[in-house]
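Each chain is listed here by its residues.
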Amino acid sequence: MSVPTLAVFKLASCDGCQLTLLDCEDELLTLAGEVRIAHFLEASSALTPGPYDLALVEGSVTTPADAERVREIRARSRRLVTIGACATAGGIQALRNFADVEEFTRAVYARPDYIDVLATSTPVADHVDVDFELRGCPVDRGQLLEVITAYLAGRKPDIPDHSVCFACKRRGTVCVTVAHGTPCLGPVTHAGCGAVCPAYGRGCYGCFGPSGSPNLRALIPLLHRDGMDDRAVERLLRTFNAAAFDREVRS
Amino acid sequence: MTKNPAAGVLDRDGLSALVEVLIARGRTVIGPTVRDGAIVLAEITSADDLPFGWGTQVEAGRYRLVPRTDGAVFAHTAGPQSWKTFLHPPRERLWSAERAQDGTLSVTGDDSGQPSYAFLGVRPCDLRAITIQDRVLAGGRYPDQGYRERRTGAFLVAAECTEPGATCFCVSMGGGPAADSGFDLALTEVLDGAGHRFLVRSGSEAGQEILADLPHRPADAATRDAARVAVDEARDRMGRAMPPVDLRTLMGESLEADRWDDVAARCLTCGNCTMVCPTCFCTTTEEVTDLTGDHAERWQRWDSCFDVDFSHLHGGPVRASSRSRYRQWLTHKLSTWYEQFGSSGCVGCGRCVTWCPVGIDITEEARALHDERAGRLRHEQRKETEQ
Ligand code: SF4
Ligand code: SF4
Ligand code: SF4
Ligand code: SF4
């Protein structure tokens, strides 16, 4: 079997998720031995046109050009995995979904007519079929390696869909909500970070987006009890996964 | 209990000596200690690590650490962990495999040697929970080797309850604040005019042997009486109670109850209740491979029936709704556990009530199911008499 090719692409995003791949310092050399990196601008300017065996796509679709490009990437990729909150939920830039984007362009740009953007920021899966979505802002290094390793081994990645609370309890953290009355989004947030924030005494702020079965409506009264007013709750939910949590509030 | 010949009285130095002696015998001593605003269970290296002068105030979904003026060390209720964290750890490697250059595989079991534990301050409810997990994990045809080794090697020092919490209901589950068996040593904390001391009883030869090594005096009648009164009074001060009905039948007759929809609207399906429950044992298997595929490992980690993937078969999860997942938890704890393991799966420790972020209370849910069934029966009877 020939060496599989790996490609990394970026749409509207900050580059943090693809940087996570470069951050896998101990594994990078091994990875380079197992795959041929065919397209990864952040690592190399040597590009090959595809087709690719595994494409990692970071970023959300915010322009008509992005939408076209992601269709083209899909056509050239056997497996397409989206990485990060932008690619899987629309990212922080999805805040525009709650506002009038034309008003923004008029306020910011001298020549708004030069700006060709979509009214919303949307996840890649809204535009093309996606084989796997890896969440997080940014994605977790261990989980990213797990997705690639699982692909190489021909198995399903072990990325649980349950809440952050599972990980929080497994690591033996004292619940910040129950013991301190600190607002925490852990019960509705997708695991993946290893429950880092509660381990440092602060509440989860939802950077991995909604879990597989969130009950946001049952959590909101708790956030109120712990001192957040409606505005504060809205701000807490409207960060990197704003659009995904918004869908949950409305469901 | 009062007839037990191997009873004595320890003072605070005696308690310190207990920790020292256990450590000197090569044991890893786990006990209650204050961390991050709670009393957790962790390795302790001296009795000074114990929560002297700390108590707890709990309610459904709420836990607060509060200072006590009496200096008591065992006057607190269950924290977020139980002894299962040590006997049945959250994550455990089962085996690893290597693929050699010629393609041959070698598999190595993970028998790297288990720690020799001493648990200090095991509550009577937790003694029962350990017995229940023994049946689940070490009994039957396929015992969990790691669990069995850790368990058979563990030395248990019980602490009887003198200060039950608002979420405790062990009495209504057939238990109580007194420790009768299943321990090596049992302590009862006594605080009165005659000083801060512990009635100590041995429950095994190993316990007797350790006790002989500790500076202690023979148990006097006043200490025995004070200990008995404190435990008896605790029995009457349970914060909660299960409805006094046959819970097994209640669950069996409530499978289609409306109450499940009500609780499903409140439940976050976050899994906290099963993680803190000292009897919940469910795990999933995790296969770890490296990038080359030459090295693989199998791990076991805690899982829960609140996880959608937990019931995932081909085509999708069997219990997709939170209604069906909450129902699985409650009916397993209170009913189907009997069929599987010959007892209830709940000892009334109150952890799931305290540590549920939204304060869902297993006793309240059982009572609501009971009321709903009673209403249903009344309605049926009325219909029958009308006919
Ligand atoms: S601290 Fe947050 S994540 Fe951890 S158990 Fe509590 S609610 Fe869940
Ligand atoms: S009952 Fe409470 S702790 Fe258990 S899953 Fe539901 S919300 Fe979480
Ligand atoms: S079901 Fe709740 S009260 Fe019963 S043993 Fe488990 S955690 Fe304790
Ligand atoms: S209640 Fe759920 S997690 Fe606990 S033992 Fe039963 S099936 Fe397992």
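Conventions and cut-offs
- Residues numbered from 1 in each chain as written.
- Chains lettered and ligands numbered in written order.
- Predicted model: local features only at pLDDT ≥ 70, side-chain atom pairs only at ≥ 80, totals over all residues.
- Heavy atoms only, no water.
- Pairing = 2+ DSSP bridges.
- Helix = DSSP H or I, 4+ residues; strand = E, 2+ residues; numbered from the N terminus.
- Buried < 20%, exposed > 50% of the residue type's maximum accessible area, 1.4 Å probe, protein only.
- Contact = heavy atoms within 4.5 Å.
- UniProt positions renumbered as here; feature names shortened; annotations may be inferred.
- Near = heavy atom within 4 Å.
- Nonpolar A, V, L, I, M, F, W, Y, C, P; charged D, E, K, R; others polar.
- Phe/Tyr/Trp six-rings, centres within 6.5 Å; stacked < 30°, edge-to-face > 60°.
- Lys NZ or Arg CZ within 6 Å of the ring centre and 35° of its normal.

### Section: the sheet that holds strand β2 (residues 28-35) of chain B
All names here are of chain B.
Next up, step 1: One open sheet accounts for eight strands, arranged β3-β2-β8-β9-β10-β11-β1-β12; its pairing is mixed. Only two strands of the sheet have a single neighbouring strand rather than two, namely β3 (38-43) and β12 (217-218).
Next up, step 2: Where strand β8 (residues 117-122) and strand β9 (residues 155-159) come together, four bridges link them in parallel fashion. Residue pairing in the sheet places Val122 in a bridge with Ala158 of β9.

### Remarks on the environment of Glu160 of chain B
Residues and elements named next belong to chain B.
Next up, step 1: Along the polypeptide, Glu160 turns up in the loop between β9 and β10 (185-192).
Next up, step 2: The class of Glu160 is buried, set by a relative accessible area of 2%.
Next up, step 3: Considering only alpha carbons, one finds Glu160 and Cys267, 107 residues apart in sequence, at a separation of 33 Å.
Next up, step 4: With near-sequence residues (within four places) excluded, Glu160 lies in contact with Arg123, Pro124, Pro177, Ala178, Ala179, Leu187, Thr188, Arg201 and Val231.

### Observations concerning the UniProt feature "domain: NADH:ubiquinone oxidoreductase-like 20kDa subunit" (unreviewed entry) in chain A
Next up, step 1: In the UniProt entry, the feature "domain: NADH:ubiquinone oxidoreductase-like 20kDa subunit" (unreviewed entry) is given for residues 14-150 of chain A.
Next up, step 2: Taken end to end, residues 14-150 of chain A comprises 39% helix and 16% strand; its first and last C-alpha atoms sit 26 Å apart.

### Some points on the site of ligand 2
Next up, step 1: Near ligand 2 you find 13 residues, and of these Cys267, Leu268, Cys270, Cys273 and Cys356 of chain B are the closest.
Next up, step 2: Partitioning the shell around ligand 2 into residue classes produces ten nonpolar, three polar and no charged.

### What to know about the site of ligand 3
All names here are of chain B.
Next up, step 1: Near ligand 3 you find 13 residues, and of these Cys277, Cys346, Cys349, Gly350 and Cys352 are the closest.
Next up, step 2: For the shell around ligand 3, the secondary structure elements donating two or more residues are α10 (322-341) and α11 (351-354).
Next up, step 3: In terms of residue class, the shell around ligand 3 is made up of nine nonpolar, two polar and two charged.

### Thoughts on the packing of aromatic side chains
Next up, step 1: Summed over the entire model, instances satisfying the criterion amount to 14 aromatic pairs over all chains.
Next up, step 2: Measuring from centroid to centroid gives 6.4 Å for Phe306 of chain B and Trp329 of chain B, while their planes differ by 50°, and the two rings are tilted. One end of the pair, Phe306 of chain B, is in the loop between β14 (295-302) and β15 (312-313); the other, Trp329 of chain B, is in helix α10, with 23 residues separating them in the sequence. Comparing Phe306 of chain B with Trp329 of chain B, the two get one shared label, buried.
Next up, step 3: Site record: aromatic cluster; members linked through ring pairs are Trp83, Phe86, Tyr117 and Phe119 of chain B.
Next up, step 4: In this structure, Arg238 of chain A packs its charged tip against the face of Phe98 of chain A, placed 3.6 Å from the ring centre.
Next up, step 5: Lying across the ring of Phe52 of chain B, Arg12 of chain B places its NZ or CZ 3.6 Å from the centre.

### Examining unusual backbone geometry
Next up, step 1: With omega at -5°, the peptide bond leading from Cys137 of chain A into Pro138 of chain A counts as cis.
Next up, step 2: Along the chain, the position of Pro138 of chain A falls in the loop between β5 (132-134) and α6 (141-153).
Next up, step 3: One non-glycine residue with positive phi stands out, namely Asp36 of chain B, at about 50°.
Next up, step 4: For Asp36 of chain B, a relative accessible area of 44% puts it in the partly exposed group.

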